[in-house]
Amino acid sequence: MTPLATTTYRVLALDLEIREYPILRDVIRKAMREEMFRRGIVREEQFEEEVRVKAQKTQEREGLYDPNQPELAEVWEKRCWRVRDMLTDFYFAHNLPHSIFHSIVADVLGERNKTNLILNFNPETAPWDLLFAQAEEFESGDEATRQRTEHHLQEIIAVLTKGMLSDQLGFVGLARKHFKIADVKEINRCRIGRGKVGGKAAGMNLAWRVLQTPSKGDPVDVGARVKIPDSWFIAADLHYEFVEQNDLFGGLNEKYKDLDQIREDFDKYKGRYEAAKLPESLVKRLDEVLDQVGDAPIVARSSSLLEDNFGTSFAGKYDTHFCPNQGDRRTRMAQLCLALKKIYASALNPDAMAYRKMMGLIDYDERMAILLQKVEGMPWRDHLFPQVAGVGFSHNPYRWTPQIDRKAGFLRLVWGLGTRAVNRVERDHPRLVALSHPTLRPERTARDVRRYSQHMVDTIDLKNNCFATVPFEQLVAHDYPGIRHLASVFEGGEVHPIYMSDPRIPPENYVITLDQILHKCPFVPLMRTILQKLERAWGHPVDIEFTVEIVPGPVPDFIIHLLQCRPQAQGRTTEEVTLPVGIPKDQVVFQSARTVSSGRVRNIQYVVYVDPERYSLVETMTERSRIARTVGKLNRKLEGKAFILVGPGRWGSSNAELGVPVTYADIFNADALVEVPMSIRDEEPEASFGTHFFQDLIESRIYPVAVYPDKGDHFDFDFFRSAPNALAQLVPDEEPMGELVRLIDLAACKQGKLLELTMTDAPQEAVMAYLVPAS
């Protein structure tokens, strides 16, 4: 662009901005001229002489100049006024930076609003710099001024929230009530791109602000004890730019294909996304991020515009990737760029598509923003991980004894990265904490405490530059910081507290119990206050993800690093449900003494049954995956019909030896998911409460049920094994799977009877599935 064209562009841009303030434009231009005169850019008399000469030239061009017959005075003044404005814009744009213009506007508005206290522009169309300046002016006023301008301030924050964070109205309503303009300004400072930063980033920042604001009745001052990690927000517009730059438009319409086709296409698109190039503007900003973070590990987390909203959390649907960020600059940048491309690709994964269809969101254009965060933790033996991480729920989904108060909240805690708290992991157990009774455990004996404790730790392996899962014995030691708060010692058949550091304790004798942070420490009151405070602000139960830093002292204190906050998934009914009485025993199909929530499913015609004993004999991963795909086909065929899934171990486990490796796309149409142990030794307590998988079930209105025959529950194996198998009639090509997967059509085999499933959690938890006449 030539210098002349550049100047012309600046003048036009300045004129357009001044037009945003029609009531004040004369005052603004007068202030602009005074600034130019003060700086000596042009003398006032010289400027006014140029106005006169140029106004006369306009008369000549119009054929109106006559020295002997001048224009009417008011016409001449209007002509000079227009020329004066044009010259003001020209000199100002050519000689002064744009920031001075915005300072002048802010000063003019501030002076006017000291008396008028009104907005003299439309916030929906005004430049953001103006909105920030005006909001800061309102917030800096005295108490009387703030009260009179509160409604204006809320409007400005609502406009900035819709443009920068989220246009979900439930969130916007919360944001305008709680955010301060400095919070929004800081988000904008850390934003990469021009679009929205998405649900995960928005929820985290809003929760932090809520927790920084003291409330009457807070039992604990949480503000100074809650932080958020160093964060950068890659806005959703860069997702569009990435797709356009790499001609990936074909993926945008995948959502309208059937799930089998989506599943088949996903690997192809994933490869194309990972081979594509990120926009150069984004790569430059990532380079700046690496400068700021140094060699500290980074986590890249999806933050789509649909995530973490009321009733649709998208928990675990999109990717999160850890970048150890070790090695030379080129290696670190390549690692970070690949993580971002994998997250973009995850927008097309079959589970996400199935979830969107189930939630009625398939027609929305899913725009993927990304949250970059410095990983919180401390280095230890070539690994980096937090002392404690976990998830918290303000409403307890798991009450293993009636004395637990669900309203007090619930935690799943682990040593190391929180991935083991949010995912279902093989033969490993987080610490489950009912905040009403934090030291009460589901386990009854010391040996059970040891067995059902955490045995593996997720870390960042700094030496090998990768995410790692490590046996805890490799990391635990007498001199690990805070070890006596995190672990106990198993000795002589009992679990004992650690009273002092002792190098003679063998690593295998340690048990990760977290007992000491739950007993006579401020941790439990702190977490209870955080969850209750957020629930009050949201007006709805919430769940959070966090890490914990233990601050040493005679009584340890705690810093909570908040990673995420969203509305907690709720069950489909709050009606009072009671268990029926007088049901003949031969009509009861199964019965359990534990449940998550109250509810009833009527007129169940179909049961999809995977026999636990037969499943335990399957030797290959290929065959177990085939079972999962068969279940997925039945899930699609039975859409719109009432059916339940009954099967071995943990549905959805990443380890196929522990349960059928289904994903969300294979089960989302079911009404209930029933888990039965695979053998008499499989007595593990239900460990899915609070995981992403559990969130899926609750949000999709699928009741999770666990039945343990060897713990006194009733399960009629003969009913499931002897009923005719209708698999071949519904899915003929899956007939060879009939030995492993059974489809029971109750209407056909039980003389018109159907199944009814009833769950109640008061006064005693109970579940019963029983045959009833079809209604």
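Residues numbered from 1 in each chain as written. Predicted model: local features only at pLDDT ≥ 70, side-chain atom pairs only at ≥ 80, totals over all residues. Heavy atoms only, no water.

A.B. asks: Teacher, can you tell me more about the overall build of the chain here?
C.D. replies: Looking only at helices and strands, one finds 25 helices and 28 strands in the chain. Expressed along its principal axes, the backbone C-alpha trace of the chain runs to roughly 115 × 65 × 55 Å. When each of the 775 residues of the chain is scored for burial, the buried share is 56%. Here the contacts in the chain between residues at least 6 apart in sequence split such that 74% fall between residues at least 24 apart. Carbon and sulfur atoms form 50% of the exposed surface of the chain, whose accessible area is close to 34100 Å². Distance between charge centroids for the chain: 1 Å, based on 98 positive and 111 negative side chains. (Helix = DSSP H or I, 4+ residues; strand = E, 2+ residues; numbered from the N terminus. Buried < 20%, exposed > 50% of the residue type's maximum accessible area, 1.4 Å probe, protein only. Contact = heavy atoms within 4.5 Å. Areas by Shrake-Rupley, 256 points an atom, 1.4 Å probe, with all protein chains shown as cover. Lys, Arg positive; Asp, Glu negative; His and termini not counted. Charge placed at Lys NZ, Arg CZ, Asp CG, Glu CD.)

A.B. asks: What's the story with the packing of helix α12 (residues 259–275) against helix α15 (residues 350–358) in this structure? I'm lost.
C.D. replies: When two helices pack together, their arrangement is captured by the angle between the axes and the distance separating the axes. Between α12 and α15, the shortest axis-to-axis distance is 9 Å and the interhelical angle comes to 150 degrees. When the interaxial angle is binned, α12 and α15 end up roughly antiparallel. In this structure, α12 crosses over α15, and the sense of that crossing is right-handed. Residue-level inspection shows Leu-259, Ile-262, Arg-263 and Phe-266 of α12 in contact with α15, the latter providing Pro-350, Met-353, Ala-354 and Lys-357. Counted by class, the contact of α12 with α15 contains six nonpolar, no polar and two charged residues. (Axes fitted to C-alpha atoms, helices over the stretch in contact; angles between N-to-C directions. Parallel < 35°, antiparallel > 145°, perpendicular 65-115°, else oblique. Left-handed = near helix turned anticlockwise from the far one by under 90°. Nonpolar A, V, L, I, M, F, W, Y, C, P; charged D, E, K, R; others polar.)

A.B. asks: I'm lost on helix α10 (residues 199–212) in this one. Help?
C.D. replies: Side chains of residues three or four places apart in an α-helix project in the same direction, reflecting 3.6 residues per turn. Compared with the 20 Å implied by 1.5 Å per residue over 14 residues, the 20 Å span of α10 between its first and last C-alpha is a close match. The buried count for α10 comes to 12 of 14 residues, which makes it a mostly enclosed element. All buried positions along α10 are accounted for by Gly-199, Lys-200, Ala-201, Ala-202, Gly-203, Met-204, Asn-205, Leu-206, Ala-207, Arg-209, Val-210 and Leu-211. (Expected span 1.5 Å × (residues − 1).)

A.B. asks: I would appreciate a short explanation of the side chain of Arg-84 in the present structure.
C.D. replies: Note on placement: Arg-84 falls in helix α4 (residues 73–95). Residue classification places Arg-84 among the buried positions, given a relative accessible area of 18%.

A.B. asks: Any chance you could explain the pairing of strand β23 (residues 672–676) here in plain terms?
C.D. replies: Every other side chain in a regular strand lies on the same face of the sheet, so the side chains alternate between the two faces. For β23, the tally of buried residues reaches five of five residues, placing the bulk of the element in the interior. In the sheet, strand β22 (residues 643–648) pairs with β23 via five bridges, with the strands oriented parallel. Bridge pairing in β23 links Pro-648 to Val-676. (Pairing = 2+ DSSP bridges.)

A.B. asks: Help me understand the sheet that holds strand β17 (residues 542–551) in this model?
C.D. replies: Pairing between the strands of a sheet comes from backbone hydrogen bonds, and it takes one of two forms, parallel or antiparallel. Judged by pairing direction, the sheet is mixed, and its six strands sit side by side in the order β2-β18-β17-β9-β10-β11 without closing on themselves. Whereas interior strands pair on both sides, the edge strands pair on one side only; in this sheet they are β2 (226–227) and β11 (431–434). Pairing between strand β9 (residues 388–393) and β17: six bridges, direction antiparallel. Among the inter-strand pairings, Val-388 is bridged to a residue of β17, identified as Val-548. The strands that α10 touches are β2 and β18 (557–567); relative to β18, the one it contacts most, it runs at about 130 degrees. Against the sheet, helix α19 (residues 523–538) touches β2, β9, β10 (410–414), β17 and β18, its axis set at about 150 degrees to β17.

A.B. asks: Is there a simple way to explain the nonpolar core in this structure?
C.D. replies: Grouped burial of nonpolar side chains is what soluble globular proteins tend to show. With 100 residues, the main nonpolar core has Trp-415, Phe-523, Ile-530, Leu-534 and Trp-538 as its most contacted residues. Counting residues per element, this core draws most heavily on α19, which supplies nine residues. Listed in part, the 47 residues of the second largest apolar core include Phe-242, Leu-278, Met-333 and Cys-337. (Core = buried A, V, L, I, M, F, W, Y, C linked by side-chain atoms within 4.5 Å.)

A.B. asks: Can you help me understand the sheet that holds strand β8 (residues 383–385) in this one?
C.D. replies: The four strands lie next to each other as β7-β8-β12-β13, forming an open sheet whose pairing is antiparallel. With partners counted over all chains shown, the strands left at the sheet margins are β7 (378–380) and β13 (466–471), one partner each. Within this sheet the neighbouring strands show an average axis-to-axis angle of 45 degrees, counted without direction. Bridge count between β8 and strand β12 (residues 456–461): two bridges; the pairing is antiparallel. Looking across to β12, one finds that Leu-384 is bridged to Ile-460.

A.B. asks: In this structure, what is going on with the pattern of salt bridges? I would like to understand it.
C.D. replies: Side-chain pairs of opposite charge can arise where the charged atoms are in close proximity. What the rule picks out here adds up to 44 salt bridges. Of the charged contacts in the structure, one is a salt bridge between Lys-54 and Glu-50, with a shortest N-O distance of 3.0 Å. With Lys-54 and Glu-50 both in helix α3 (residues 44–61) and four residues apart, this pair spans about one turn of that helix. For Lys-54, a relative accessible area of 31% puts it in the partly exposed group. (Salt bridge = Lys/Arg side-chain N within 4 Å of Asp/Glu carboxyl O.)

A.B. asks: Can you help me understand the pairing of β10 in this one?
C.D. replies: Summarising burial for β10: five of the five residues are buried, a large majority. Neither face of β10 is open: one carries Phe-410, Arg-412 and Val-414, the other Leu-411 and Leu-413, and all of them are buried. Taken together, the five bridges between β9 and β10 define a ladder with antiparallel strand orientation. Of the residues in β10, the one forming a bridge with Gly-390 is Leu-413. Across four bridges, β10 lies against β11 in antiparallel orientation. Bridge assignment links Phe-410 to a residue of β11, and that residue is Ala-434.

A.B. asks: It is not clear to me how the state of the cysteines should be interpreted in this structure. Could you clarify?
C.D. replies: One pass over the structure, following the stated rule, counts zero disulfides. Of the cysteine sulfurs around Cys-190, a residue in no disulfide, the closest is that of Cys-323, at 18 Å. Owing to a relative accessible area of 9%, Cys-190 belongs among the buried residues under this scheme. (Disulfide = S-S within 2.5 Å.)

A.B. asks: How should helix α7 (residues 143–164) be read in this particular structure?
C.D. replies: By the largest-angle criterion, Thr-149 marks the main kink of α7, which is about 55 degrees. By the burial criterion, the buried members of α7 are Thr-145, Thr-149, His-152, Leu-153, Gln-154, Ile-156, Ile-157, Ala-158, Val-159, Leu-160, Thr-161 and Met-164. Against α6 (128–139), α8 (169–178), α9 (181–189) and β1 (191–192) lie the buried residues of α7. (Bend = angle between axes of the 7 residues up to and from the residue.)

A.B. asks: Mind showing me how you'd approach the side chain of Glu-254 here?
C.D. replies: With respect to the helices and strands, the residue Glu-254 is situated in the loop between α11 (237–245) and α12. Its relative accessible area of 3% is what places Glu-254 among the buried residues. Within the structure, Glu-254 has its side chain in polar contact with the side chain of Lys-257 (distance 2.6 Å). Apart from the residues lying within four places of it in its own chain, the contact partners of Glu-254 are Gln-261, Ile-262, Asp-265, Tyr-269 and Met-353. (Polar contact = N/O pair within 3.5 Å; in protein donor to acceptor, adjacent residues only side chain to side chain.)

From the geometry alone we can't say anything about function, so treat these as descriptive.
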